[in-house]
Amino acid sequence: MPSPTQRALAKVPGPLRPFLVQHRSLVKFLLVGGTCFLLTLAINYGLKYTVCQSKPVVAQTVGVAVSTVLSYLLNRQWSFRSEGSHEEAIPFIVVSALAVGVNDLPLLVSRYVFHLREPSVSHFTQEVADFVSGMIVGTLVAMAFRYWAMKKWVFTNTKYHEPQDNSAEPPARVG
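Rules of the game
Residues numbered from 1 in each chain as written. Predicted model: local features only at pLDDT ≥ 70, side-chain atom pairs only at ≥ 80, totals over all residues. Heavy atoms only, no water. Helix = DSSP H or I, 4+ residues; strand = E, 2+ residues; numbered from the N terminus. Buried < 20%, exposed > 50% of the residue type's maximum accessible area, 1.4 Å probe, protein only. Contact = heavy atoms within 4.5 Å. Salt bridge = Lys/Arg side-chain N within 4 Å of Asp/Glu carboxyl O. Phe/Tyr/Trp six-rings, centres within 6.5 Å; stacked < 30°, edge-to-face > 60°. Core = buried A, V, L, I, M, F, W, Y, C linked by side-chain atoms within 4.5 Å. Lys, Arg positive; Asp, Glu negative; His and termini not counted. Polar contact = N/O pair within 3.5 Å; in protein donor to acceptor, adjacent residues only side chain to side chain. Expected span 1.5 Å × (residues − 1). Bend = angle between axes of the 7 residues up to and from the residue.

Time to look at the overall build of the protein. What the protein contains, in helices and strands, is six helices and zero strands. Its helices and strands taken in sequence order, the protein reads α-α-α-α-α-α from the N to the C terminus. Scored against the burial criterion, the 175 residues of the protein give a buried share of 35%. Put simply, of all contacts in the protein between residues at least 6 apart along the chain, 73% involve residues at least 24 apart.

Okay, structure coming up:
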């Protein structure tokens, strides 16, 4: 009986299979990141338009912090499949704290160095600048930093429970 991974690979177009097999931790990391990005977006804008109207950096920081907890759980259990030790918790916290700063830096620069905020610019321009600098640029830079730092210092002793057969061929149909 084929494993869930083999069944999923059978549905992927042939040319993509070798890439997905070879870079499965990156693909899983990106899926976790996409989920956490959506959560950050929801929390950020939920706070920004309610209790943190005058503090957009605080709203983003809270959103990133909450998503970071989910990211840790998903990456530990799925993307990097740790052997079950909690030794990576301290380096994860350090890397995550640095990554929150990396994530906030473009928004801080946009708002307080380039003055892309009201009354210097229109409300629409401010919101576009906040989204591009905080949610897009900040997230991309922090994601690259996190992936590199997690592999280097946090999830260094990973164990994949994937099938050893790395051929990108789909399983044969029975019947």
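Next comes the rest of the description.
For the rest of this paragraph, the subject is the pattern of salt bridges. Under the definition given, this model contains three salt bridges. Measuring nitrogen to oxygen at the nearest pair gives 2.7 Å for the salt bridge that ties Asp 130 to Lys 48. Within this pair, whereas Asp 130 is found in helix H6 (residues 123-154), its partner Lys 48 is found in helix H3 (residues 24-48), the two being separated by 82 residues in sequence. The partner of Asp 130 in a salt bridge is Arg 111, with the nearest N and O atoms 2.6 Å apart. Of this pair, Asp 130 sits in helix H6 while Arg 111 sits in helix H5 (residues 89-112), and the two are 19 residues apart along the sequence.

Summed over all chains, the structure comprises four aromatic pairs. Geometrically, the ring pair formed by Phe 145 and Trp 148 is tilted, given 6.2 Å between the ring centres and 50° between the ring planes. Separated by three residues within a single helix, Phe 145 and Trp 148 lie in helix H6, roughly one turn from each other. The exposure class of Trp 148 is partly exposed, given its relative accessible area of 45%. Three or more aromatic residues link up through ring pairs in this structure, and these residues are Phe 145, Trp 148 and Trp 153.

As a further point, take the nonpolar core. Within the largest apolar cluster, nine residues are counted, these being Tyr 72, Phe 92, Val 95, Ala 99, Phe 145, Ala 149, Met 150, Val 154 and Phe 155. Among the secondary structure elements, those contributing two or more residues to this core are H5 and H6. Here this core gets four residues from one element, more than from any other, and that element is H6.

A word on the side chain of Ser 110. Tracing the backbone through its elements, the reader meets Ser 110 in helix H5. Once residues within four sequence positions are removed from consideration, Ser 110 is found in contact with His 115, Leu 116, Ala 129 and Ser 133.

Turning our eyes to something else, we now look at the side chain of Asp 104. Turning to its location among the elements, Asp 104 is positioned in helix H5. Of the side chains with opposite charge, Arg 146 lies nearest to the buried Asp 104, which makes no salt bridge, at 8.7 Å. Polar side-chain contacts of Asp 104 include one of 3.2 Å to the side chain of Gln 60. Beyond its immediate chain neighbours, meaning those up to four positions away, Asp 104 contacts Val 57, Gln 60 and Thr 61.

Moving on, we get to unusual backbone geometry. For the peptide bond that leads from Glu 118 to Pro 119, omega is 5°, which places it in the cis range. Among the structural elements, Pro 119 can be located in the loop between H5 and H6. Although it is not a glycine, His 115 sits at a positive phi angle of roughly 55°. Along the chain, the position of His 115 falls in the loop between H5 and H6. What makes His 115 partly exposed here is its relative accessible area of 38%.

Compared with the 34 Å implied by 1.5 Å per residue over 24 residues, the 33 Å span of H5 between its first and last C-alpha is a close match. The axis of H5 is deflected most strongly, by about 30°, at Asp 104, and proline Pro 106 appears within four residues downstream. Among all positions of H5, only Phe 92, Val 95, Ser 96, Ala 99, Val 100, Asn 103, Asp 104, Pro 106, Leu 107, Ser 110 and Arg 111 are buried.

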